[in-house]
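This is what each chain is made of:
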Amino acid sequence: MKTWKKITIGVLASLLIILIAIVAFSYLMIQKTFPKYDGEVKVAGLYDSVVIYRDSYAIPYVKAKTEEDAIFALGYLHAQERLFQMDIARRAGEGRLSEILGSKVLPIDKMFKTIGIYKNVKKDYEKLNDISKKYLIAYSKGVNAFIKNAKGKYQLEFDILDYDPYQWTPLHSLVIAKLMAWELNISWWTDIAFANLVKKLGEEKAKELIPSFPENAPTIIPQETKYFSNIDDGIIKVDRQFRELIGMVGTHIGSNNWVVNSQISLSGKPIIANDPHLAYTAPGRWYFAILKSDKLNVEGFTIPGLPAIVIGTNQNIAWALTNVMTDDADFYAEKLDSTNSRYFFNGNWLPLTVRDDTIHVKDSSDVIIKVRSTHRGPIISDIHPFNKLYSNAKVVQALSMKWTALDFSDEIYAMISVNKATNWNEFKNALKYFTVPGQNFVYADNKGNIGYICAARLPIRKTNTTTLVFDGTTDKYDWEGFVPYEQMPKLFNPSQNFIASANNKTVKNFPYHISNIWEPSSRIERIVSLLNSKKLHSVNDFEKYQMDFVSPYAKKISQYIIDAFQNEKITDENVKTAVELLKNWDYNFNSRSQTPTIYTKFLEFLIKNLFEKKMGKDLMEEYVFIANIPYRILEELLENPNSYWFDDLDTPKIENREDIIRKSLYSAVDDLQKEYGNELAQWQWGKVHKVTFKHLFHSASPLLDNLVDIGTYSIGGDGTTIFNTEYSFADLYNKVPKPTRSKPYENILGPSMRYIYDFSQPDYIYLILTTGQSGNFFSDNYKDMTKKWLNGEYIKLPINEKKFTYRSKHKLILLP
């Protein structure tokens, strides 16, 4: 053989050996990160052995002798599957992201250090019920047992970021609970935008843009507001940076839940359904588990980091949640003295409470921050320095924040008590301890009862009105305690035989302010319509309802478009076709239909034509950021054909409603032609509206995106359909390139899981997650539920031990 051939063969053989070695090494590295599903594991902290069965979806059935061991096992399971997700969440709430991600996230750490979630749970820990402490300690032991046993074999994210997780404590679970309250608290986002609207537009014009319900929250603008300068939105910008990083984007943070009793159930027993609307992430937000022990017999959806079932059933009762949309935070314009050490209140200068805190930053020096507080709460303007708030001020001023979640609460005890409740009274008594985030609890039991409770901590305000930024120099706007639990809205066995909530206003005449940012009525209208559409409902019907893409809101808006072109000579053929499509539309946001695309693009231009010139682009973007605000205000404005907002101030003519509607549709069709061509057949909604489940590492590199992200998929619906598929209004108008920013019409939030339980089938529960049980992106269970979720399929899961173990694939025994 010639020499060059020998060399070539030798080089190729060497390269092949190296390649095989790399593949083998990579395979071994990946394999070591997979959790152990079979065999036995010795762990410290158990009282007795625990058996864990898993099915093909990695759903666990935990069989323990004591409730402490069952909760220990839940902590171990969460850590096995979602440790990185849990670690990032607790770090965020503690203000410790900079330790692993560097100075780019310093503002986020500064925000949470200033707000003081960790400081407050640490201060309040000893006040918790002893049962809460018992569960938190047992859960922490389970997490730590895995952390200890898995050292050197953690998820790859830890290797990529080059750090190891630290020990879990009960405080970390409390931080994650408060972080959920932070995510679901959206009312305060509007306060600053509304205050700036008043400054820019004046009281009367601003009133038209602030949603209200006159019977318990009239739109009264505090007189002091006119003395404020434009208020900087620094905290909002930092919070958005956090939400984009962690995957908490989207503002239709709500849910659907409903229950029917035996009178209108095909099975003759209550049926309950829930699909919580949260931002999409990979892995998803929920982890399903079945927990069985001496005092605990419950199954349902858990949040990694928390030691209880959040939504589920214990076969005596079942419960489902939606966001109340509680207005539980206020901002105050504070007047500080020249030393920045005192604030002016009720005619006196009072000392600020001041504490120093330290942020450790990866590959950099520590950062020392000074956190100042009034009697209401922290000065959040220190996160990003604010402009002076009074135009005639000669002293330094600031903005403070008061938030119910910074007061003591014991949601862990509430959920443990719900998990164990056997009837309506026990359930009702349990929820007196649940305060944040405010939730609508819908209930059913095996005796045929159904019920509803608004579980939230509602501030009692002297001025029962829309909240803006309040004057902090007086106690006029201070809270006067909280609404007693006994007075909170409740409902038991109503005559209509069903209960439903969809983040709508659930009670008409209530003496206290709950919120003014309810979701538009579209989803609840459609749910009620479906529940009234037939005499008896089945699980199969509920599955169809949860996948419903029909929008009553779109029906109302489309009629205005049709009327505006009623006697109009249309010169553009595609506009003429668009109007005809809207006339014949069934208001179903089917992904294969062109009409939803035309309608949605029309909405985009209608909002732009109404608000951009009068507000300015920046303020408009802030105003439309909370999606339910423009949805609700458009509906109200369109009822007045000669509203000020329809007039284009750049023209001599005074435009009316029909003028602005026609202009918006022409602009929409023109824009669609430029983007997708002149053929309307190419304008399908699914080509525009897509969903991707994004990992924390999204946008790190295209190669990594393909590995860690799930999707992209076409999807139907919008933010007003039961199957909520929200897109960001703000991102339609912000064209600044940004890797983490969602694309126009990208679906960023929706049903984070689906759940149905029929009491006539006590051994089964119907469920589906957006992604899968595993947080390991190499696992088969990382995304094995996504296609089913997209297609409206459910897992009919046996929750009876014999039936579950018969179909189980794995058996793991934890030994003390």
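All of these numbers come straight from a predicted model, not from anything done at the bench. (Residues numbered from 1 in each chain as written. Predicted model: local features only at pLDDT ≥ 70, side-chain atom pairs only at ≥ 80, totals over all residues. Heavy atoms only, no water.)

Chemist: Explain the overall build of the protein chain to me, and be specific about the residues and the numbers.
Modeler: Helix and strand counts for the protein chain stand at 26 helices and 29 strands. Once local pairs closer than 6 in sequence are excluded, the contacts in the protein chain between residues at least 24 apart make up 74%. (Helix = DSSP H or I, 4+ residues; strand = E, 2+ residues; numbered from the N terminus. Contact = heavy atoms within 4.5 Å.)

Chemist: Could you give me a rundown of the pairing of strand E27 (residues 764-769), with the residues and numbers involved?
Modeler: Burial runs high along E27: 5 of the 6 residues are buried. Summarising the sheet, strand E26 (residues 753-758) and E27 pair through 4 bridges and their orientation is antiparallel. Bridged to Arg754 within E27 is Ile768. Counting the residues that bridge the hairpin from E26 to E27 gives 5 residues. (Buried < 20%, exposed > 50% of the residue type's maximum accessible area, 1.4 Å probe, protein only. Pairing = 2+ DSSP bridges.)

Chemist: For the pattern of salt bridges, give the residues involved together with the corresponding values.
Modeler: Taken as a whole, this structure holds 47 salt bridges when the rule is applied. We note a salt bridge from Lys653 to Asp659, for which the minimum N-O separation is 3.3 Å. Residues Lys803 and Asp763 are paired through a salt bridge, measuring 3.3 Å at the closest nitrogen-oxygen approach. Remark: Asp763 occurs in the loop between E26 and E27 and Lys803 occurs in helix H26 (residues 801-807); sequence separation between them is 40 residues. Exposure remark for Lys803: the relative accessible area of 34% places this residue in the partly exposed category. Owing to a relative accessible area of 22%, Asp763 belongs among the partly exposed residues under this scheme. A cluster of three or more residues bridged by salt bridges with shared partners is formed by Asp87, Arg90, Arg91, Glu94, Arg96 and Glu99. (Salt bridge = Lys/Arg side-chain N within 4 Å of Asp/Glu carboxyl O.)

Chemist: Mind laying out the packing of helix H2 (residues 67-94) against helix H6 (residues 130-149), listing which residues take part and the relevant values?
Modeler: H6 packs onto H2 with a crossing angle of 50° between their chain directions and a minimal axis gap of 7 Å. With respect to H6, the element H2 is oriented oblique. Pair H2 / H6 crosses with right-handed handedness. The segment H2 lies against H6, with Glu67, Glu68, Ile71, Phe72, Leu74, Gly75, Tyr76, His78, Ala79, Gln80, Leu83 and Met86 engaging Lys134, Tyr135, Ala138, Tyr139, Lys141, Gly142, Val143, Ala145, Phe146, Ile147 and Asn149. Taken together, the residues of the contact of H2 with H6 sort by class into 14 nonpolar, 5 polar and 4 charged. (Axes fitted to C-alpha atoms, helices over the stretch in contact; angles between N-to-C directions. Parallel < 35°, antiparallel > 145°, perpendicular 65-115°, else oblique. Left-handed = near helix turned anticlockwise from the far one by under 90°. Nonpolar A, V, L, I, M, F, W, Y, C, P; charged D, E, K, R; others polar.)

Chemist: Quick rundown of the packing of H2 against helix H8 (residues 170-184)? Include the residues and the values.
Modeler: Taken N-terminus to C-terminus, the directions of H2 and H8 make an angle of 80°; their axes are 9 Å apart at the nearest point. In terms of axis orientation, H2 runs roughly perpendicular to H8. From H2, Met86, Ala89, Arg90, Ala92, Gly93 and Glu94 reach across to H8, where they touch His172, Val175, Ile176 and Leu179. Looking at side-chain class alone, the contact of H2 with H8 contains 6 nonpolar, 2 polar and 2 charged residues.

Chemist: Break down helix H16 (residues 552-564) for me, citing the residues and quoting the values.
Modeler: Counted at 1.5 Å a residue, the expected span for H16 with its 13 residues is 18 Å, and the 19 Å between its end C-alpha atoms agrees. Burial in H16 covers these residues: Pro552, Tyr553, Ala554, Ile557, Ser558, Ile561, Ile562 and Ala564. Those residues of H16 that are buried are in contact with helix H14 (522-531), helix H17 (573-583), helix H18 (595-615), helix H20 (628-637) and helix H21 (657-676). (Expected span 1.5 Å × (residues − 1).)

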